[in-house]
Amino acid sequence: MTDTSGLPQHWRRPLAGVLVVTLVTLGVFADTWASIVAIWSRSETFTHGYLVAPTSLWLIWLRRRQYRDLRAEFSWFGLILSIAGGFMWLVADLVHVLVVQQWAVVGILISSLWAVLGTGVISSMLFPILFLFLMVPFGEAFIPPLMDYTATFVVTLLRLTGISVYREGLFFTLTSGNWSVVEGCSGLRYLISSFTLGTVYAYLNYTSYKKRAVFIAVSFLAPIIANGFRAYMIVMIGHLSSMKLATGVDHIVYGWVFFGIVMFALFYIGSFWHDAPNSSEITVKEEGPFDAEVASEPRYQWFGFAAILVCLTIWPPISHGLSGLQNSNVVVPERFSHPALDTWLPADPPDWGWEPNFKGVVAESRTFLKDEQAVVGLYFANFGDESQGGELVNSQNYLVPQKHKIWRMLRDNDYPVDWGSGYSIVVEEAVLNSSQRELLVWRWYRIGDKNTDNAYLAKWWQLLKRLTGDSAPELLVVVYTELATQELDTARDKLKQIALACCS
């Protein structure tokens, strides 16, 4: 058995093709790749992204002897997948869904490699290739449910421990002090780190697909459960030390130390089911002259290679051309005339200390109306052509940001509103609290004449509206009122009157 270090002749052209399609993909979709790197740079949660591509190459290099005698040939199925990925990128670009664009460009890269190398080669290195999807900074959608889970877990254990605790949303109070669950407490950072390390560990240590799947699943679930215990222990340390410990930087240190212990235990336990390397994976055939007909590349490969280059470069120009159809009026309603508003009068802006404020707004209007019982604020925001980071549907469009000095969000959930004539919509209902007052806030999207609080449905309506050239405005609507002077049901009725009069 020999293992020469030289590159086999039959691999030189395929590897050149890999280099070309990789560079073309990076160049054509440079803005989307730059957005991925920008998130790696600014968020500690996703800094692992810098290591994903090098790790993928390292995993392939470890088993390079397994691949050297494989024959690469063009795959039309890979080309079809690349076209599908390009279409997905196009749709996401038209409606400004950045995370879908990011998934799409990684999918385009992987399917282009599939097209150049062929199904046989890609299937033999499937895990390192699919591992590239972990470059996408995905997971922020899980933060709210993870935060709620952490708060529930901690409060439940505190009560089981016999400690009195009062909870309001993500805030809870002990006799020793106040605590809140913020984004850093969600455990997303631990979850992503554990899942990434767990997938690599499973690939290197198990040959059984079942064992790999089980270990990866455990590496996903373990940090979620462990994060609950981590948060509970930090609260207990603070409580037992009269809030002298685990309330500052040591809070973070304890968290990472605990995470390190959990990962060590996970890998240690996993080592008991370690599989011996499969001899078929490391066997290398004797070097010898190749059969000219077997080693030669199919005649259609260069035509296919040209086809993949064309299919990679067409999407940005198509997107630019279709952008001309995105003709949304940058207007917001300012005057309203509706029978339901006959009992309402214009009001001066009240001194509530809070008002809607979102990044990227091109045009907005703020109106206050009053009746004998309440003052209601009505806000419309138009984001125009939606610059990067300033989209109508954006997870960063907070009503109240985390760790706000004055306001906190006690509750945030869906609430169905009867829109009349058997038609209803669901709005996002939040209760905002400060030391002086509470506000009831409804928020939803208005795309043309349609209303919803569902971000995915709003994006779908945006796409359909823009492709048909409809110039109706796309708005973010917020109505709000103070809760101190009225019951919750009364406040909801006031918001409903204004909402129906202005948006039905």
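These remarks concern the structure in this document. What you see is a predicted model, and the numbers here were worked out from it, not measured in a lab.

### Thoughts on the nonpolar core
And then number 1: With 78 residues, the main nonpolar core has W33, W89, V106, L117, L158, F172 and L174 as its most contacted residues.
And then number 2: If you tally residues by element for this core, the top one is helix α6 (residues 98-117), at 11 residues.
And then number 3: Those residues within four positions of V106 in sequence are excluded, and the remaining contacts are W33, L132, F133, M135 and V136.
And then number 4: Formed by 26 residues, the second largest nonpolar core is a distinct cluster that contains L369, V479, A491 and A501.

### Notes on a nonpolar patch on the surface
And then number 1: A cluster of nonpolar residues, I237, L245, V253, Y254, V257 and I261, forms a patch on the protein surface that exposes about 490 Å² of accessible area.
And then number 2: It is helix α12 (residues 249-270) that provides the largest number of residues to the nonpolar patch, a total of 4 residues.
And then number 3: The topology assignment puts V253 in helix α12.

### Remarks on helix α5 (residues 76-95)
And then number 1: Taking 1.5 Å per residue, 20 residues should reach 28 Å; α5 reaches 29 Å between its end C-alpha atoms and fits that length.
And then number 2: Taken residue by residue, α5 has G78, L79, S82, G85, G86, W89, L90, A92, L94 and V95 as its buried positions.
And then number 3: Count one or two residues on from α5 and you reach H96, which has phi positive near 60°.

### Re the packing of helix α2 (residues 30-42) against α6
In a packed pair of helices, the relevant descriptors are the angle between the two axes and the axis-to-axis distance.
And then number 1: Across the interface, α2 lies against α6 with an axial gap of 9 Å and an inter-helix angle of 115°. In terms of their interaxial angle, α2 and α6 are classed as roughly perpendicular. The element α2 and its partner α6 pack so that their crossing is left-handed. Contact residues: α2 offers T32, W33, S35, I36 and I39, while α6 offers L98, Q101, Q102, V105, V106 and L109.

### Describing the pattern of salt bridges
And then number 1: Applying the stated criterion across every chain, the model contains 12 salt bridges.
And then number 2: We note a salt bridge from E429 to R411, for which the minimum N-O separation is 2.9 Å. Note that E429 is positioned in strand β8 (residues 423-433) and R411 in strand β7 (residues 408-420), a separation of 18 residues in sequence.
And then number 3: The class of E429 is buried, set by a relative accessible area of 0%.
And then number 4: For R411, a relative accessible area of 27% corresponds to the partly exposed category.
And then number 5: Across the pair E482 and R437 runs a salt bridge, and its minimum N-O distance is 3.2 Å. Taken together, the positions of E482 in strand β11 (residues 474-482) and R437 in the loop between β8 and β9 (438-447) put the pair 45 residues apart, joining distant regions of the chain.

About the cut-offs
Residues numbered from 1 in each chain as written. Predicted model: local features only at pLDDT ≥ 70, side-chain atom pairs only at ≥ 80, totals over all residues. Heavy atoms only, no water. Core = buried A, V, L, I, M, F, W, Y, C linked by side-chain atoms within 4.5 Å. Buried < 20%, exposed > 50% of the residue type's maximum accessible area, 1.4 Å probe, protein only. Helix = DSSP H or I, 4+ residues; strand = E, 2+ residues; numbered from the N terminus. Contact = heavy atoms within 4.5 Å. Patch = residues over 30% accessible without salt bridge, like charges linked within 9 Å, V, L, I, M, F, W, Y side chains within 5 Å. Areas by Shrake-Rupley, 256 points an atom, 1.4 Å probe, with all protein chains shown as cover. Salt bridge = Lys/Arg side-chain N within 4 Å of Asp/Glu carboxyl O. Expected span 1.5 Å × (residues − 1). Axes fitted to C-alpha atoms, helices over the stretch in contact; angles between N-to-C directions. Parallel < 35°, antiparallel > 145°, perpendicular 65-115°, else oblique. Left-handed = near helix turned anticlockwise from the far one by under 90°.

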